[in-house]
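# Architecture and fold: a report
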Amino acid sequence: MLATLTAASYAQHRHWMQRAIALAAIAGQAGDVPVGAVVVNAAGECLTAAANRKERDRDPTAHAEILALRAAARVLGDWHLESCTLYVTLEPCAMCAGALLQARLGRLVYGADEPKTGAIRTVVNLPDSPLSNHRLVVLGGVCAPECRAQLQTWFASQRR
């Protein structure tokens, strides 16, 4: 289910996406794909934040989204995250989209579309598929040019 934007909500979404972008920069400097994620509760408070750590941890599941969801569940003492919003700089892959649905996440806000593995709306749409038993509110494209540029710059530097 796609969400709509108001001026007030855009300012709030931009604020948290900027935090995720800062985390993504840290991941990129450490040699991981620059993706950052922030989980915010219904009161607008940051519960957890994470950056990609696949390379650092040598763990194929150490995506920023997964790490942030795990930490949020620990903070809340519950895996049900329906009152939470996840901000992430890149459209989640199938693994992460599945985790968002399993966590019963209330809302996903993401930056850049992922044309190769995006599982929210670009390649496949897991939240709206018959496989999903949870309806996820999705808002894509927040700070998309900045998120996309961060990724493109990082990948270009890896090719040199």
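Let me sum up the structure you'll find in this document. This one's a predicted model, so the numbers in the text were calculated from it and none came from an experiment.

Another point: the overall build of the chain. Secondary structure assignment for the chain yields five helices and five strands. Element order for the chain, N to C, with α for helix and β for strand: α-β-β-α-α-β-α-β-β-α. In summary, the chain has a C-alpha radius of gyration of 14 Å against a globular reference of 15 Å for 160 residues, a match within 12%. Expressed along its principal axes, the backbone C-alpha trace of the chain runs to roughly 45 × 35 × 30 Å. Residues counted as buried form 49% of the 160 residues belonging to the chain. Residue pairs in contact within the chain that sit at least 24 positions apart in sequence constitute 58% of those at least 6 positions apart. With the model as given, the accessible surface of the chain reaches about 7,900 Å², and the carbon-plus-sulfur share is 56%.

Here we come to helix H5 (residues 144-159). For H5, with 16 residues, the first-to-last C-alpha span of 23 Å sits near the 22 Å given by 1.5 Å per residue. Along H5, the positions that sit buried rather than exposed are Ala144, Cys147, Gln150, Leu151 and Trp154. Viewed along the axis of H5, the buried residues span an arc of 140 degrees, placing them on a single side of the element. More than 90 degrees from the buried face of H5, the exposed residues found are Pro145, Gln152, Thr153 and Arg159.

Here is what the cut-offs are and how they apply
Residues numbered from 1 in each chain as written. Predicted model: local features only at pLDDT ≥ 70, side-chain atom pairs only at ≥ 80, totals over all residues. Heavy atoms only, no water. Helix = DSSP H or I, 4+ residues; strand = E, 2+ residues; numbered from the N terminus. Rg over C-alpha atoms; globule rule 2.2 N^0.38 Å. Buried < 20%, exposed > 50% of the residue type's maximum accessible area, 1.4 Å probe, protein only. Contact = heavy atoms within 4.5 Å. Areas by Shrake-Rupley, 256 points an atom, 1.4 Å probe, with all protein chains shown as cover. Expected span 1.5 Å × (residues − 1). Arc of directions from axis to C-beta.

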